[in-house]
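So the chains spell out like this:
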Amino acid sequence: MSMLEIKNLHASVDGKPILKGLNLTLNKGEVHAIMGPNGSGKSTLASIIAGNDAYEITEGSIEFEGKSLLDLEPHERAAAGVFLAFQYPVEIPGVSMMNFMKTAMNEIRAQQGLEPMEPAAFLKRVREKQALVELDAKLANRSVNQGFSGGEKKRNEVFQMAMLEPKLAVLDETDSGLDIDALRIVAQGVNALRNANNAFLVITHYQRLLDYIVPDVVHVLAHGKIIKTGTKDLALELEAKGYDWILETEKA
Amino acid sequence: MELDRSTLDFKGPADRTRHWTGLNKGRPSSKQEEWKYVPVDVLMDALYPTDSPSSDSFEPRPEPLNVQTGIQFLSLEQALEAEIPGIQNAKESIQNAALDGLAQAYRPVNQSGIRVLYVPSNLHCIDPITAMPAVAQSTSKAEALLVLLGENAHLTLFLPHEAQSNRFSFLYVGLDKGAKLELNRDLAAAPGTLFMSHIQGSVAESAELKLVQWMQGGQAQRHSVQVSLNGQQAIARISSLQVAEPQNQLHSWVNMIHASPEAESHQNIRQLSKKEGISSFTGKIHVALDAQKTQAYQHSAAMVLEEGGRTYHRPVLEIYADDVKCSHGATTGSLDEQALFYLQCRGISKASAKRLLIEAFIEGCIQDFYPALQSHFRTAISKSIQQL
């Protein structure tokens, strides 16, 4: 059974179709990269997987471990093991990082029928995961993403992912706005979490990220559907030739 | 040249200043700035019925709890006899303009209902004391509590659950040089209750008044505060947290008068309104001509939690001095949908996410309360937003 199976997905926002028959299959232990030009629907796909109700699903299905994801609320999807690393992490003044993470972990545990995590175990885990992404420990005492630099916000996303240990992580342009060092640290965190039981869907514009997070499969998304699938070499080819090449090939 | 404001003859548009300065003694009207959003007729008819006979059966406030040695709790007569410092000013304040534009004819303060709480000079009260509300009140008389602190006296005062029935209460605060008063008010009114109050404050040199109030419940509440900073380095801090339940109206009015140079004031207001709940804040900063180096700040933020809820802010800055730092800010919004989605994506249910965001919104105000009271108000807000 596939971990994620998207079939003929059609979605629109304010009546405007964005996804027009997207198909995608992701198995345990795999890393898939989705590349594509601006406006092709990459972030829409990420949002829909996470459960953003701003988008209307007009046709198709998304199954996660054999169950329909579309029937679940966003927090239920998170408890099932789906994680979205935001392209633009939201600043939430007044909600401290620690309170946020503790609430998140304990609510997920409650949905899974588990007891809340012991404070000492929670703190230990926070320290471990902060070290993994080299996140300044002081940031844990600040409000969620408030006053964080662009790089800190992205590292914070990977820190949260490390804390929650999802089965499927969708990284929505996590490389955007990162310098080389930050990119390396973020990728290092992702690679450390990668194992045979989870899967990653990495959305990016650039091949650069894929030098650090090596994908098993690369898809090109354009005009609301996957138009080409290949290996890591496809990303290199796109980098060299641009998207026009593939769009013209598709047209022909 | 010093202006005697009481002799000024206001004409034309400036005539509205009469209302701010308390020169107008008529029945309040929604056309007046300080009563703009208030259901004046509902409040006035209930609180000041013209056909109600005046009653002499008036029960004043009982003895406060936890009164320490040295603190005096007196009737007005006793306080006058003892020549408590500042008592004459306090008495005149009640008799004259103090009732925030209310006509004395509508609501005379019952002389026998006045109680005086006096903290002598240099007495530092470490433990907070609780001033219990009057047990019962006739519908035609107001009660009054006069809190007077001598030089360098310190006091923390709780005023819990003021309204279990319709009422008007008056509080005078007089702080002598270097005195510090922290006043925590729990203005939680019983359902259907109409509740109004007025605080008149006078803060001397280097003295500090901190007023924190929680407003919730009742049919309608309207609370006004007028503080005059009368000496250099005088400080006033006002925090108000207003939680308008469905069909509930909460209105607060503040007039911060900087009468002396180098004084400082802060107003920090948070408003929440649920379905059909209305909340308003009208706050004025008045800086007199010679009040140079004034620092005055006002911030009001509102969150409309459900459709049909309404909030209003009305900041007014009237500045005559030219070397001052004054600012005001007002924001109104609803729960941030993006923040809600972000929290949900981390496994937090929508209800918990809303609770987190609302608690974060009001936390800046909650932290102004005396530490021992903070958990009480956090619990109250959690209970209030449970059904959202």
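First things first, this report covers the structure right here in the doc. Every chain begins its residue count from 1, and numbering advances along the sequence as written. Just so you know, chain letters begin at A and ligand numbers begin at 1, following the order they were written in. Confidence filtering applies because this is a predicted model: local features only for residues at pLDDT of at least 70, side-chain atom pairs given and counted only at 80 or more, and all residues used for totals across whole chains, interfaces and linings. Values reported for side chains reflect all heavy atoms of the structure, with hydrogen atoms and water molecules removed beforehand.

1. Section: the pattern of salt bridges
Residues and elements named next belong to chain A.
Part 1: We define a salt bridge as a contact between a side-chain nitrogen of Lys or Arg and a carboxyl oxygen of Asp or Glu at a distance within 4 Å. Considering all chains together, one arrives at 15 salt bridges over all chains under this definition.
Part 2: Notably, a salt bridge pairs Lys 241 with Glu 237, separated by 3.2 Å at the nearest N-O pair. Of this pair, Lys 241 and Glu 237 both sit in helix H8 (residues 232-241), 4 residues apart, which is roughly one turn of that helix.
Part 3: Through salt bridges with shared partners, one network takes in Arg 125, Lys 129 and Glu 165. Numbering of helices and strands starts at the N terminus; helices are DSSP runs of H or I of at least 4 residues and strands are runs of E of at least 2.

2. Comments concerning the interface of chain B and chain A
Part 1: The interface of chain B with chain A comprises 16 residues on the first partner and 31 residues on the second.
Part 2: Throughout, the accessible surface (probe 1.4 Å) given up by two parts as they are put together, summed over both, is called the buried area. When the two sides are added together, the surface that chain B and chain A hide from each other amounts to roughly 1800 Å², 68% of it contributed by carbon and sulfur.
Part 3: Broken down residue by residue, the surface that chain B buries against chain A is led by B:Phe341, B:Tyr342 and B:Arg346, which jointly contribute 42%.
Part 4: At the junction of chain B with chain A, the criterion picks out 1 salt bridge.
Part 5: As used in this structure description, the phrase polar contact means that two N or O atoms lie within 3.5 Å; if the pair is within protein, one of them must be able to donate a hydrogen and the other to accept it, and residues adjacent in sequence are counted only when both atoms belong to side chains. The interface formed by chain B and chain A includes 10 residue pairs in polar contact (both at pLDDT 80 or more).
Part 6: Mapped onto the side of chain B that touches chain A, the elements with two or more residues apiece are helix H5 (337-344) and helix H6 (350-366) of chain B.
Part 7: When residues in the side of chain B that touches chain A are grouped by element, the largest group, 6 residues, is from H5(B).
Part 8: Each residue belonging to the side of chain B that touches chain A can be placed in one class, and the counts come to 9 nonpolar, 5 polar and 2 charged. Should any heavy atoms of two residues lie within 4.5 Å, those residues are considered in contact. Residues are grouped as follows: Ala, Val, Leu, Ile, Met, Phe, Trp, Tyr, Cys and Pro are nonpolar; Asp, Glu, Lys and Arg are charged; all remaining types, including Gly, are polar.

3. Regarding the sheet that holds strand S7 (residues 180-189) of chain B
Residues and elements named next belong to chain B.
Part 1: Pairing between two strands requires that DSSP report at least two bridges joining them. The 8 strands are arranged S3-S5-S7-S9-S11-S13-S15-S17 in an open sheet whose pairing can be described as parallel. Edge positions in the sheet fall to strand S3 (129-130) and strand S17 (325-333), since each has one partner strand and no second.
Part 2: Relative to strand S9 (residues 208-217), S7 runs parallel, the two being bridged by 10 bridges. Bridging across to S9, Leu 183 finds its partner in Leu 211.
Part 3: Axis definition: a line fitted to C-alpha atoms, limited for helices to the stretch in contact. Angles are taken between N-to-C directions and run from 0 to 180 degrees. This element, H6, spans S9, strand S11 (235-244), strand S13 (264-273) and strand S15 (295-304) of the sheet and lies at about 150° to S13.
Part 4: Across the face of the sheet, helix H7 (residues 371-384) comes into contact with strand S5 (154-159), S7, S9, S11 and S13 while running at roughly 25° to S9.

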